[in-house]
Number of protein chains: 2
Amino acid sequence: MKIGVVGCGALGSYYGACLWRTGHETHFLLRSDHAVVRAHGVAIETAAGDFVARPHAAQTPAEIGVCDLVLIGLKTTANHRFGELLPPLIGSQTLILTLQNGLGNETALARLFPAEQVLGGLCFVCLNRVAPGRIRHLGHGHVVLGEYLRPPLERTHALAAEFERAGVKCSVSDNLERAHWEKLVWNIPFNGLGVAGVAGWEAFVNGAGPSGLARTPCLPTDELLADARWASAVRGLMNEVLAVAAALGHAIPSDTADKMIERTRGMGAYRASTLVDFERGQPLELESLFLAPRDAARQAGVKTPLLDRLCAVLAGLDARRNLRG
Amino acid sequence: MKIGVVGCGALGSYYGACLWRTGHETHFLLRSDHAVVRAHGVAIETAAGDFVARPHAAQTPAEIGVCDLVLIGLKTTANHRFGELLPPLIGSQTLILTLQNGLGNETALARLFPAEQVLGGLCFVCLNRVAPGRIRHLGHGHVVLGEYLRPPLERTHALAAEFERAGVKCSVSDNLERAHWEKLVWNIPFNGLGVAGVAGWEAFVNGAGPSGLARTPCLPTDELLADARWASAVRGLMNEVLAVAAALGHAIPSDTADKMIERTRGMGAYRASTLVDFERGQPLELESLFLAPRDAARQAGVKTPLLDRLCAVLAGLDARRNLRG
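Residues numbered from 1 in each chain as written. Chains lettered and ligands numbered in written order. Predicted model: local features only at pLDDT ≥ 70, side-chain atom pairs only at ≥ 80, totals over all residues. Heavy atoms only, no water.

## Details of the environment of L19 of chain A
All names here are of chain A.
Then, number 1: Within the secondary structure layout, L19 lies in helix α1 (residues 10-21).
Then, number 2: Looking at L19, the relative accessible area reads 1%, which means it is buried.
Then, number 3: In this structure, the C-alpha to C-alpha distance between L19 and D308, residues 289 residues apart in sequence, is 39 Å.
Then, number 4: When near neighbours in sequence (up to four residues on either side) are disregarded, L19 contacts I3, H24, T26, L69, L71, E162, F163 and A166. (Helix = DSSP H or I, 4+ residues; strand = E, 2+ residues; numbered from the N terminus. Buried < 20%, exposed > 50% of the residue type's maximum accessible area, 1.4 Å probe, protein only. Contact = heavy atoms within 4.5 Å.)

## A look at the relation of the copies chain A and chain B
Each of the two chain copies goes to the other by way of a rotation about an axis and a shift along it.
Then, number 1: Overlaying chain A with chain B gives an RMSD of 0.0 Å, the required rotation being 180° about an axis along which the chain moves by 0.0 Å. A rotation of that kind, with that shift, is consistent with a two-fold axis.
Then, number 2: Here 100% of the contact residues of chain A are again contact residues in chain B; the copies associate through an equivalent surface. (Least-squares fit on C-alpha atoms with pLDDT ≥ 70 in both.)

## Points about unusual backbone geometry
Most peptide bonds take the trans form, and the phi angle of most residues other than glycine is negative.
Then, number 1: The phi angle at L149 of chain A is positive, at roughly 60°, despite the residue not being glycine.
Then, number 2: Overall, the relative accessible area of 31% leaves L149 of chain A in the partly exposed class.

## So, the packing of helix α7 (residues 176-196) of chain A against helix α10 (residues 228-247) of chain A
All names here are of chain A.
Then, number 1: Two elements in contact, α7 and α10, have axes separated by 9 Å at closest approach and are oriented at 145°. As α7 packs across α10, the resulting crossing turns out to be right-handed. On α10, the residues that touch W181, L184, V185, W186, I188, P189, F190, L193 and A196 of α7 are W230, A233, V234, L237, M238, V241, L242, V244 and A245. (Axes fitted to C-alpha atoms, helices over the stretch in contact; angles between N-to-C directions. Left-handed = near helix turned anticlockwise from the far one by under 90°.)

## Quick notes on the side chain of N105 of chain A
All names here are of chain A.
Then, number 1: Among the structural elements, N105 can be located in helix α5 (residues 105-112).
Then, number 2: In this structure the side chain of N105 is engaged in a polar contact, spanning 3.0 Å, whose partner is the backbone oxygen of N101.
Then, number 3: Excluding residues within four positions of it along the chain, N105 makes contact with T76, N79, F82, T98, Q100 and S288. (Polar contact = N/O pair within 3.5 Å; in protein donor to acceptor, adjacent residues only side chain to side chain.)

## Comments concerning the domain arrangement of chain A
All names here are of chain A.
Then, number 1: Each assigned domain of chain A is listed here: domain 1 (2-174) and domain 2 (179-324).
Then, number 2: Residue-level contacts link 19 residues of domain 1 with 18 residues of domain 2.
Then, number 3: In this assembly, domain 1 packs against domain 2 so that about 1,600 Å² is buried in total across both faces, 57% of it on carbon and sulfur atoms.
Then, number 4: At the junction of domain 1 with domain 2, the criterion picks out one salt bridge.
Then, number 5: Residue K75 is joined to D277 by a salt bridge in which the shortest nitrogen-to-oxygen separation is 3.0 Å. (Domains from an automatic or database assignment. Buried area = accessible area lost by both parts, 1.4 Å probe. Salt bridge = Lys/Arg side-chain N within 4 Å of Asp/Glu carboxyl O.)

## Brief notes about α1 of chain A
Residue and element names in this part refer to chain A.
Then, number 1: Here α1 is 12 residues long and its end C-alpha atoms lie 16 Å apart, about the 16 Å a rise of 1.5 Å per residue gives.
Then, number 2: With nine of its 12 residues buried, α1 lies for the most part within the structure.
Then, number 3: Residues A10, G12, S13, Y14, Y15, G16, A17, C18 and L19 constitute the buried set of α1.
Then, number 4: Immediately downstream of α1, the backbone of G23 shows phi near 100°, a positive value. (Expected span 1.5 Å × (residues − 1).)

## Quick word on the side chain of H24 of chain B
All names here are of chain B.
Then, number 1: Of note, H24 is situated in the loop between α1 (10-21) and β2 (25-29).
Then, number 2: Within the structure, the side chain of H24 is placed 3.5 Å from the backbone nitrogen of M1, a separation counted as a polar contact.
Then, number 3: Looking at H24, its side chain comes within polar contact range of the side chain of E162, at 2.8 Å.
Then, number 4: Once residues within four sequence positions are removed from consideration, H24 is found in contact with M1, I3, L19, E162 and R165.

## Remarks on the pairing of strand β1 (residues 2-6) of chain B
Residue and element names in this part refer to chain B.
Then, number 1: Within β1, five of the five residues are buried, which leaves the element mostly enclosed by the surrounding structure.
Then, number 2: Along β1, one buried face is formed by K2, G4 and V6 and the opposite face, lined by I3 and V5, is buried too.
Then, number 3: Looking at chain direction, β1 and β2 are connected through five bridges and run parallel. Within the sheet, the bridge partner assigned to G4 lies in β2 and is H27. (Pairing = 2+ DSSP bridges.)

## Considering the pattern of salt bridges
Then, number 1: This structure, assessed with the given rule, holds 30 salt bridges over all chains.
Then, number 2: Note that E162 of chain A is salt-bridged to R165 of chain A, the shortest N-O span being 3.1 Å. Taken as a pair, E162 of chain A and R165 of chain A lie in helix α6 (residues 154-165) at a separation of three residues, close to a single helical turn.
Then, number 3: Across the pair E279 of chain B and R271 of chain B runs a salt bridge whose closest N-O atoms are separated by 2.4 Å.
Then, number 4: Given the relative accessible area of 31%, R271 of chain B is considered partly exposed.

## Observations concerning the interface of chain A and chain B
Accessible area lost upon the coming together of the parts serves often as the stated size of an interface.
Then, number 1: Counting residues at the interface gives 14 residues for chain A, matched by 14 residues for chain B.
Then, number 2: Here chain A meets chain B over a buried area of about 1,200 Å², counting both sides, of which 36% is carbon and sulfur.
Then, number 3: Applying the counting rule to chain A against chain B returns four salt bridges.
Then, number 4: Close ionic contact of R111 of chain B with E287 of chain A constitutes a salt bridge, the shortest N to O distance being 2.4 Å.
Then, number 5: For the pair chain A and chain B, the number of links is six residue pairs in polar contact (both at pLDDT 80 or more).
Then, number 6: Listing elements by their share of the side of chain A that touches chain B, those giving two or more residues are α5 and α13 (286-299) of chain A.
Then, number 7: Of all the elements, α13 of chain A adds the most residues to the side of chain A that touches chain B, at seven residues.

## What about the pairing of strand β7 (residues 95-98) of chain B?
All names here are of chain B.
Then, number 1: Neither face of β7 is exposed, since L95 and L97 on one face and I96 and T98 on the opposite face are all buried.
Then, number 2: In this structure, strand β6 (residues 69-72) lies alongside β7, joined through four bridges in parallel fashion. The partner of I72 across the bridge, within β7, is T98.
Then, number 3: As paired strands, β7 and strand β8 (residues 118-131) are joined by three bridges and run parallel to one another.

## Describing the environment of V205 of chain B
Residues and elements named next belong to chain B.
Then, number 1: Within the secondary structure, V205 sits in helix α8 (residues 200-206).
Then, number 2: When its relative accessible area of 29% is taken as the criterion, V205 is described as partly exposed.
Then, number 3: V205 sits 88 residues away from P293 along the chain, and the two C-alpha atoms are 20 Å apart.

## Overview of the state of the cysteines
Residues and elements named next belong to chain A.
Then, number 1: Taken as a whole and assessed by the stated rule, the structure comprises zero disulfides over all chains.
Then, number 2: Of all cysteine sulfurs in the structure, the one in C67 sits closest to C8, which takes part in no disulfide; the separation is 11 Å.
Then, number 3: Distance from the sulfur of C18, which forms no disulfide, to the nearest cysteine sulfur (C123) is 11 Å. (Disulfide = S-S within 2.5 Å.)

## A look at α7 of chain A
Residue and element names in this part refer to chain A.
Then, number 1: Compared with an ideal rise of 1.5 Å per residue, which puts 21 residues at 30 Å, α7 spans 28 Å between its outermost C-alpha atoms and is within 8% of the ideal.
Then, number 2: A maximum bend of about 35° is found in α7 at L184.
Then, number 3: Counting buried positions along α7 gives 19 out of 21 residues, so the element sits mostly inside the fold.
Then, number 4: Sitting at the head of α7, N175 places a side-chain oxygen 3.1 Å from the backbone nitrogen of E177. (Bend = angle between axes of the 7 residues up to and from the residue.)

## Some points on the packing of aromatic side chains
Residues and elements named next belong to chain A.
Then, number 1: One pass over the structure, following the stated rule, counts 14 aromatic pairs over all chains.
Then, number 2: Between the aromatic rings of Y15 and F163, the centroid separation amounts to 6.3 Å while the plane-to-plane angle is 75°, which identifies the pairing as edge-to-face. Pair noted here: Y15 is in helix α1 and F163 is in helix α6, with a separation of 148 residues, a long-range link.
Then, number 3: A relative accessible area of 0% places Y15 in the buried class.
Then, number 4: Owing to a relative accessible area of 0%, F163 belongs among the buried residues under this scheme.
Then, number 5: Between the aromatic rings of W201 and F204, the centroid separation amounts to 5.9 Å while the plane-to-plane angle is 45°, which identifies the pairing as tilted. Of the two residues, W201 and F204 are both situated in helix α8 (residues 201-206); the distance of three residues between them amounts to about one turn of the helix. Residue W201 shares its accessibility class with F204, and that shared class is buried.
Then, number 6: A network of ring pairs unites the aromatic residues Y14, Y15 and F163 as a single cluster. (Phe/Tyr/Trp six-rings, centres within 6.5 Å; stacked < 30°, edge-to-face > 60°.)

Listed below in structure tokens is the structure:
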């Protein structure tokens, strides 16, 4: 299988490297890391055993050409570049798999390419790009695959089998939309409040922007859960997201919030991706992780006061960052 | 009432001028027409009697300041400018009324400002900007007002009364979303096929892009209805849009398509706004009129083969235009 990886940060590089290892012809589309990857490959540090992947390193999509599978690992803040980056890779048989965070990514792809070629993959993984061409796998790695707005096909299961062969735990969801909402139950509080924490609790409850930037550092999962006020906001947000999912017809087990909080306690001091983005001065994935879910909540007629406040605080922080950047 | 009008093309200028006439303090935010409007006002040519409106002519939103009502008449292709153009006009009591075409405009506003300040107005009107500061009213003018994702309030009715006082027929919808879908039943075929017609019937049925640009002119409403093939595509698209609306829970009377086609025959050779945009080399309102409705169709699980084809042809024509422009 010929695989193209677009968006070779931690996520795209990690899964691309795993698939490369099982013998697929794998091409990475690279910008800043191109010279390093071309010369030295992609180093994956993982408890299961470090390895170096040697994918083809391309600087333009035209060098890669039409693929059987395109993995998209771009930050969703770069989705406006789909039309520029993807067309040379996509033929009439190409599967287009977005591994990106949140809502709207499959829809954006289905505007540019036939909807029936679009799949989504939800990644439950802790990764970090520690240097150019060097990715550290901190834990987990499970992928949930699904088809865009339809039940899984034979090809979905075949693709899951390829991931499994590459050492990646992979399951198939019968409803990708529901799977997205289930993941948002975790992502919205831990990605959102972790960043909102820099503004301080008072700013969050008052819905006001922070008076100064970064008065406190971002709050990793353990600090959010250790503070009774933040922990109750985590729980409140989870309940809001579950209520929206229910209104949209997605049955998510009622003990999901409890189980997630319990599992997260076991993760220690984990810094969700949005915290890493924020601390690096990169734009937040506001649209896919927060604003699109809030639009859906409104359309469904579900009140989400905590999510509203979170969106306001994050938008304020993101705008300040952009002004400074 | 202090009124700010943002997007002073034919639509914003016309309704802004009508409201100015009843004595409201009215400000137009202008770019290219600023000098003309400042010197000579806005000339409205209408069968009911020509008049010249003398709104305040501003070049920046800061000159206008906070308004009681903001009318938005921008092309939806300029919605990315909301965040730059609107904040100086919006206070905590400001009503924000988008008069724009299609889906997603209220949602975009509700991302930037409190959702409860957002209203939508659907304009059933034939207008033309014939020269800078000169608007020709060709017919109709009815506005349907509604609240964003909630039933009408007392203020909605009060605002409708202001429009009526300004000589504009204005009704209040109990469900703005349904009203949008009802309008799309007309807009999608007549705005869409009118432009797709330049590619020729063969290109439309084959789903292929046209081999050359503008082989035939755009097709106004009478030409679409006079050709049995296009007329059947008009009807087919109407049925698709009605099916999506029904799947979304919007009850639209079953004779809507018949009535609209009948009424449209009575309009003669009307050139819907998208045709005018296309012929002027301006970008098409693809997002709000075609792509967002198609996304909604997919989410609702309704097959829309004609709309899919229309989106592909229009996107192709729009992209060529942009390349040439």
